[in-house]
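Architecture and fold: a report
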Amino acid sequence: SANYLDKVEIEIHQNLPEFLSKINTEKIYLVSKFSEVRYDKNDYSSTENDQYFIFGKESTGLPENFLRKFQSQTIRIPQNDNKVQSLNVSNAVAIVIYEVMRQQSFDGQDIVKTYPLDKLK
């Protein structure tokens, strides 16, 4: 069900260069298994400015020339490719975004609720 679409703001860009021309490119992070920087080693705690995380296709990842252009802004999720093929993109997004949210103290997300038939009450 799409019961959340009224709560999100969607902005569509024609292509990557157009998107990059509209943002502060110092605040982008490219997620790639080729990065030397683990995703949890950066400071994402500021809520003053937007931060952008770009993920590639599961089959090919991000283009090499794009990675090289922003090499100092690449991050990786640790995994052993000898034992596990890869994470799918939705899992990778969840891992990285929850680290950002953790560093921002879950900014309004950490709400304890009670439910009818609450299993812990």
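Check the entry above for the structure.
Everything in this summary refers to the structure shown in the same document. (Residues numbered from 1 in each chain as written. Predicted model: local features only at pLDDT ≥ 70, side-chain atom pairs only at ≥ 80, totals over all residues. Heavy atoms only, no water.)

1. Overview of the overall build of the chain
From N to C terminus, the chain includes 3 helices and 3 strands. When the helices and strands of the chain are read in sequence order from the N terminus, they spell out α-β-β-α-β-α. For a compact globule of 121 residues, the expected C-alpha radius of gyration is about 14 Å, and the chain comes in at 17 Å, more than 25% above that figure. Seen along its three principal axes, the alpha-carbon backbone of the chain occupies a region of about 55 × 40 × 30 Å. Burial analysis of the chain (121 residues in total) assigns 24% to the buried set. Taking the intrachain contacts of the chain between residues at least 6 apart in sequence as the baseline, contacts between residues at least 24 apart amount to 72%. Roughly 9,800 Å² of accessible area belongs to the chain as shown, and the carbon and sulfur atoms make up 48% of that amount. Between the mean site of the 15 positive side-chain charges and the mean site of the 17 negative ones, the chain shows a separation of 7 Å. (Helix = DSSP H or I, 4+ residues; strand = E, 2+ residues; numbered from the N terminus. Rg over C-alpha atoms; globule rule 2.2 N^0.38 Å. Buried < 20%, exposed > 50% of the residue type's maximum accessible area, 1.4 Å probe, protein only. Contact = heavy atoms within 4.5 Å. Areas by Shrake-Rupley, 256 points an atom, 1.4 Å probe, with all protein chains shown as cover. Lys, Arg positive; Asp, Glu negative; His and termini not counted. Charge placed at Lys NZ, Arg CZ, Asp CG, Glu CD.)

2. With respect to the pattern of salt bridges
The tally for this structure, following the rule as stated, stands at 5 salt bridges. The partner of Lys 22 in a salt bridge is Glu 18, and the shortest N-O contact between them spans 3.1 Å. Judged by relative accessible area, Lys 22 falls into the exposed class, the value being 51%. Across the pair Asp 40 and Arg 38 runs a salt bridge, and its minimum N-O distance is 2.7 Å. (Salt bridge = Lys/Arg side-chain N within 4 Å of Asp/Glu carboxyl O.)

3. As for the packing of aromatic side chains
Enumeration according to the criterion identifies 6 aromatic pairs in this entry. On the numbers, 5.1 Å between centres and 85° between planes, the contact of Tyr 29 with Tyr 44 is edge-to-face. Of this pair, Tyr 29 sits in strand S1 (residues 28-31) while Tyr 44 is found in the loop between S1 and strand S2 (52-55), placing the two residues 15 residues apart along the sequence. In this structure Tyr 44 comes out as buried when scored by relative accessible area, which is 0%. (Phe/Tyr/Trp six-rings, centres within 6.5 Å; stacked < 30°, edge-to-face > 60°.)

4. Description of the side chain of Gln 73
As for its placement among the helices and strands, Gln 73 is situated in the loop between helix H2 (64-69) and strand S3 (74-75). In this structure the side chain of Gln 73 is engaged in a polar contact, spanning 2.6 Å, whose partner is the backbone oxygen of Thr 25. In this structure, Gln 73 is in contact with Thr 25, Glu 26, Lys 27, Ile 28, Tyr 29 and Leu 30, ignoring residues within four places of it in sequence. (Polar contact = N/O pair within 3.5 Å; in protein donor to acceptor, adjacent residues only side chain to side chain.)

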